[in-house]
Amino acid sequence: MKCRKCGERALVTLRRHNASFCKEHFNEFFRRQVEKGIKDYKMFDWSDKIMVCISGGKDSLVLWYLLNDMGFDTTGMYINLGIGEYSQKSLEKVNNFAEKHNLKSIIVNLDELGHPIPLLESKVKRQVCAICGTAKRYYFNKTAYEGKFDVVATGHNLDDETARLLGNVLKWDPAYLSKMDPNLPEDGEFIKRKVKPLVRLTELEVGAFAFMNGIDYIKDECPKAVGATSMLYKNALNNLESEMPGTKHYFYNEFFRSAADKFKMEEVNTEMHTCAVCGLESFNEVCSFCRMLEKLK
Ligand code: SF4
Ligand SMILES: [Zn+2]
Ligand SMILES: [Zn+2]
């Protein structure tokens, strides 16, 4: 296989683009896709202070690496969830990466705060990923608010977003379908704009970029991810993609071109409160995270 651009030996073949690339031209392709995502969805510009949510996995580290390389003002934000060896290893990857590239980072440690995920899981009668999602959302929002960030960026890729879209379509849930936009506007003073700059790239492409650019990330999945329904949707979409290359892209882009507007929710003027426990903005008297912590008492 030869590179479509220069005719040198190709290292990656992208079936959905019917093209192969050498390292240099794959990097160029990858970067252009990120730039296009940022521009098309008007995510942010060079004046914005960006908080990048980091897990230690390939997607978030690739995103951090690229945004920094493009000259954006980034700070990585990592939450140590306290999930045994998985959390220890991922924290190590994040620290090594930040040091190697001389990047700013903020670390929140749930163990030190007294509510690691396994403890919450044993006390709160909800699915562990729902508990973890509430905790992560809370600390991401809190850190972005207190750090006066303009935007919160996450490393969700095309596979993540098509799997989520498929799940929401199967339920035809307008509330969730209205939140698919890769640039969600801020909500009040507390919740900052949320963006997903890798949304034009597949998991395989992000993995290839990480490998070619020597980005060392945690390869293990979170042990709690076993049996997650999102994996079921990803596998179904991978089967379709291998028979019909380009399916994921088409499914995602056509949703925004033809259907997303139909699910736009009416602006609801919800009265905001100050959480009686943590003092941050909340939809209820006590925010959902603090209600969860009350179960530990
Ligand atoms: S798989 Fe579930 S528990 Fe593990 S990090 Fe993701 S949301 Fe949290
Ligand atoms: Zn080339
Ligand atoms: Zn609270």
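See the structure shown above.
All values reported here derive from a predicted model rather than from experimental measurement.

*Asks:* Break down the overall build of the protein for me, with residues and values.
*Replies:* Broken down by element type, the protein carries 11 helices and 10 strands. For the protein, the C-alpha radius of gyration of 20 Å lies close to 19 Å, the compact-globule estimate for 297 residues. Considered along the principal axes of its C-alpha atoms, the protein spans approximately 65 × 45 × 40 Å.

*Asks:* Can you tell me about the site of ligand 1, naming the residues and giving the values?
*Replies:* In the neighbourhood of ligand 1, the contacting residues comprise Leu81, Ile117, Val128, Cys129, Cys132, Gly133, Cys222, Lys224 and Ala225. Looking at which element gives the most residues to the shell around ligand 1, the answer is helix H5 (residues 128–146), with four residues. Each residue belonging to the shell around ligand 1 can be placed in one class, and the counts come to seven nonpolar, one polar and one charged.

*Asks:* Can you tell me about the sheet that holds strand E8 (residues 193–195), naming the residues and giving the values?
*Replies:* Across the sheet, which stays open at both edges, the six strands sit in the order E5-E4-E3-E6-E8-E7 with mixed pairing between neighbours. Strand pairing shows two members of the sheet lacking a second neighbour, strand E5 (104–109) and strand E7 (183–184), which therefore form its edges. One ladder, built from three bridges, connects strand E3 (residues 49–54) with strand E6 (residues 151–153); its direction is parallel. Looking across to E6, one finds that Ile50 is bridged to Val151.

*Asks:* Give me the pairing of E3: which residues, what numbers.
*Replies:* The buried fraction of E3 amounts to five of the six residues, a majority that puts the element mostly inside the structure. The parallel pair E3 and strand E4 (residues 73–80) is bridged by helix H2 (residues 58–69), and the resulting crossover is right-handed.

*Asks:* Please provide a residue-by-residue account of the pairing of E5, values included.
*Replies:* When E4 meets E5, the two strands line up parallel, connected through six bridges. Looking across to E5, one finds that Thr75 is bridged to Lys104. Taking the sense of rotation as the criterion, the β-α-β connection linking E4, helix H3 (residues 84–100) and E5 turns out right-handed.

*Asks:* Any chance you could break down the packing of helix H6 (residues 158–171) against helix H9 (residues 229–243) for me, citing the residues and the numbers?
*Replies:* Viewed as axis vectors pointing N to C, H6 and H9 meet at an angle of 105°, and their least axial separation amounts to 9 Å. When the interaxial angle is binned, H6 and H9 end up roughly perpendicular. Every residue of H9 that contacts H6 at Asp159, Thr162, Ala163, Leu166 and Gly167 is listed here: Thr229, Ser230, Tyr233, Lys234 and Leu237. Grouping the amino acids of the contact of H6 with H9 by side-chain chemistry returns four nonpolar, four polar and two charged.

*Asks:* Give me the nonpolar core: which residues, what numbers.
*Replies:* Formed by 64 residues in total, the largest nonpolar core has its most connected members in Ile50 and Val52. Looking at which element gives the most residues to this core, the answer is H2, with seven residues. Contact partners of Ile50, with chain neighbours within four places excluded, come to Phe44, Leu67, Phe72, Asp73, Thr74, Phe149, Val151 and Ala153.

*Asks:* Pulling in residues and values, what's your account of the packing of H2 against helix H8 (residues 203–212)?
*Replies:* Where H2 contacts H8, the two axes come as close as 10 Å, and the packing angle between them is 60°. Taken as axis vectors, H2 and H8 run oblique relative to one another. Between H2 and H8 the crossing geometry is left-handed. Every residue of H8 that contacts H2 at Lys58, Asp59, Leu61 and Val62 is listed here: Val206, Gly207, Phe209 and Ala210. For the contact of H2 with H8, the per-class residue count stands at five nonpolar, one polar and two charged.

*Asks:* I'd like a description of the environment of Asn96, backed by residues and values.
*Replies:* Tracing the chain through its elements places Asn96 in helix H3. The class for Asn96 is exposed, based on 12 C-beta atoms found within 10 Å. Between the alpha carbons of Asn96 and Tyr217 there is a distance of 9.8 Å; along the sequence they are 121 residues apart.

Rules used throughout
Residues numbered from 1 in each chain as written. Chains lettered and ligands numbered in written order. Predicted model: local features only at pLDDT ≥ 70, side-chain atom pairs only at ≥ 80, totals over all residues. Helix = DSSP H or I, 4+ residues; strand = E, 2+ residues; numbered from the N terminus. Rg over C-alpha atoms; globule rule 2.2 N^0.38 Å. Near = placed C-beta within 6 Å. Nonpolar A, V, L, I, M, F, W, Y, C, P; charged D, E, K, R; others polar. Pairing = 2+ DSSP bridges. Buried ≥ 20, exposed ≤ 12 C-beta atoms within 10 Å, placed from the backbone. Right-handed = clockwise from strand over helix to strand, strands pointing away. Axes fitted to C-alpha atoms, helices over the stretch in contact; angles between N-to-C directions. Parallel < 35°, antiparallel > 145°, perpendicular 65-115°, else oblique. Contact = placed C-beta atoms within 7 Å. Core = buried A, V, L, I, M, F, W, Y, C linked by C-beta atoms within 7 Å. Left-handed = near helix turned anticlockwise from the far one by under 90°.

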